[in-house]
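# A structural walkthrough
Residues per chain, in single letters:
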Amino acid sequence: MTDLGENRLRENIAKIRETIAESAVRAGRRPEEIILCAASKTQSIQTVKIASNLNIDIFGENRVQELTEKYDAGAYGEKKVHMIGHLQTNKVRQTVGRADIIESVDSKHLLDAICAEAAKHEICQKIMIEINIGGELSKSGIAAEELWDMLEYAEGLDAVEVCGLMSIPPRYETDDDSRRCFAELKSMFDRAVDSGYGLKYLSMGMSADYVNAILEGANIVRIGTAIFGQREYK
Ligand SMILES: *Cc1c(COP(=O)(O)O)cnc(C)c1O
């Protein structure tokens, strides 16, 4: 499949915005609270440039190489980009400063590397902690019970600011199971906020399950396929 043109992208995004608004209202929330992150992995620089002028809030990339190429080509325009894929420490150098937020932080080792790089540039790098809520081996993220230790550790690093939690739950058969899992993440988020951690973002929900995520409290949804169509891996 070839990249979708501007009109199709605009239509897809308009439909998603409508669904986001309906879901927010159903949950007694304001639609403006929800940040739409366009997950643009595998999309060309040209397609990303087009999308950057449409009604999305930010971009999300999985691979450092793609993020770097698109960022340096100015593909994101005025929009910011988040790193949402697994990050290896040897790629931290390219990511810090380019990614507005690194959402997928899943070890102290990685936190240390990000902090050192950010300090070198005299910036504070915003990050989020990724939780592997379903405990699936194929997914990255820390175990739920490690969250408190990670939050406390990150608090001690001065060139890093933890601003939220991110997760990719398992694919559930039913909405009930899906919502239960998102609700669990929301309750971890709320407990962290109540404990004094300054978390702002709860990033959860993708094309298949963002309605459930919003109903349970997500304020960033990361959507790829529903915007750009099926991905073609080269
Ligand atoms: C690809 C990706 C998404 C978007 O997935 P879709 O199912 O295409 O909407 C969201 N989050 C992460 C971390 C991804 O890698």
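For the structure itself, look to the data block above.
In short, a report on the structure. (Residues numbered from 1 in each chain as written. Predicted model: local features only at pLDDT ≥ 70, side-chain atom pairs only at ≥ 80, totals over all residues. Heavy atoms only, no water.)

## Some details on the pattern of salt bridges
What the rule picks out here adds up to 15 salt bridges. Linking Lys70 and Glu66 is a salt bridge whose minimum nitrogen-to-oxygen distance equals 2.8 Å. With Lys70 and Glu66 both in helix H3 (residues 64-72) and four residues apart, the pair spans about one turn of that helix. On the accessibility criterion, Lys70 (4% relative accessible area) is buried. The salt bridge involving Lys126 is made with Asp100; its shortest N-O contact spans 3.4 Å. With Lys126 in strand S5 (residues 125-131) and Asp100 in the loop between helix H4 (92-95) and strand S4 (101-105), this residue pair connects regions lying 26 residues apart in the sequence. Looking at Lys126, the relative accessible area reads 25%, which means it is partly exposed. Residue Asp100 is classed as partly exposed on the basis of its relative accessible area, which comes to 21%. What emerges from the salt-bridge pattern is a single network uniting Glu61, Arg63, Glu66 and Lys70. (Salt bridge = Lys/Arg side-chain N within 4 Å of Asp/Glu carboxyl O. Helix = DSSP H or I, 4+ residues; strand = E, 2+ residues; numbered from the N terminus. Buried < 20%, exposed > 50% of the residue type's maximum accessible area, 1.4 Å probe, protein only.)

## Some remarks on the pairing of S4
Here S4 lies mainly inside the structure; five of its five residues are buried. Here strand S3 (residues 80-83) runs beside S4; their pairing, made up of two bridges, is parallel. Note that in S4 the partner of His82 across the bridge is Ile101. Pairing geometry for S4 and S5, over three bridges, is parallel. For Ile101, the partnering residue across the bridge sits in S5 and is Lys126. Each parallel crossover has a hand, and the one from S4 via helix H5 (residues 108-120) to S5 is right-handed. (Pairing = 2+ DSSP bridges. Right-handed = clockwise from strand over helix to strand, strands pointing away.)

## Observations concerning the site of the ligand
Taken together, Ala39, Lys41, Asn62, Ile84, Ile168, Met206, Ser207, Arg222, Ile223, Gly224, Thr225 and Arg231 make up all the residues around the ligand. The contact in question runs from an oxygen atom of the ligand to an N or O atom on the side chain of Thr225, over 2.5 Å. Isolated, the ligand exposes 380 Å² of accessible area, and the fraction of that covered by the protein chains is 93%. Across the shell around the ligand, the residue classes break down as five nonpolar, four polar and three charged. (Near = heavy atom within 4 Å. Polar contact = N/O pair within 3.5 Å; in protein donor to acceptor, adjacent residues only side chain to side chain. Areas by Shrake-Rupley, 256 points an atom, 1.4 Å probe, with all protein chains shown as cover. Nonpolar A, V, L, I, M, F, W, Y, C, P; charged D, E, K, R; others polar.)

## With respect to unusual backbone geometry
Even without being glycine, Thr42 reaches a positive phi, approximately 70 degrees. Take Thr42: it is sitting in the loop between strand S1 (35-39) and helix H2 (45-52). The phi torsion at Glu122 lies on the positive side, around 55 degrees, for a residue other than glycine. Counting through the fold element by element, Glu122 comes out in the loop between H5 and S5.

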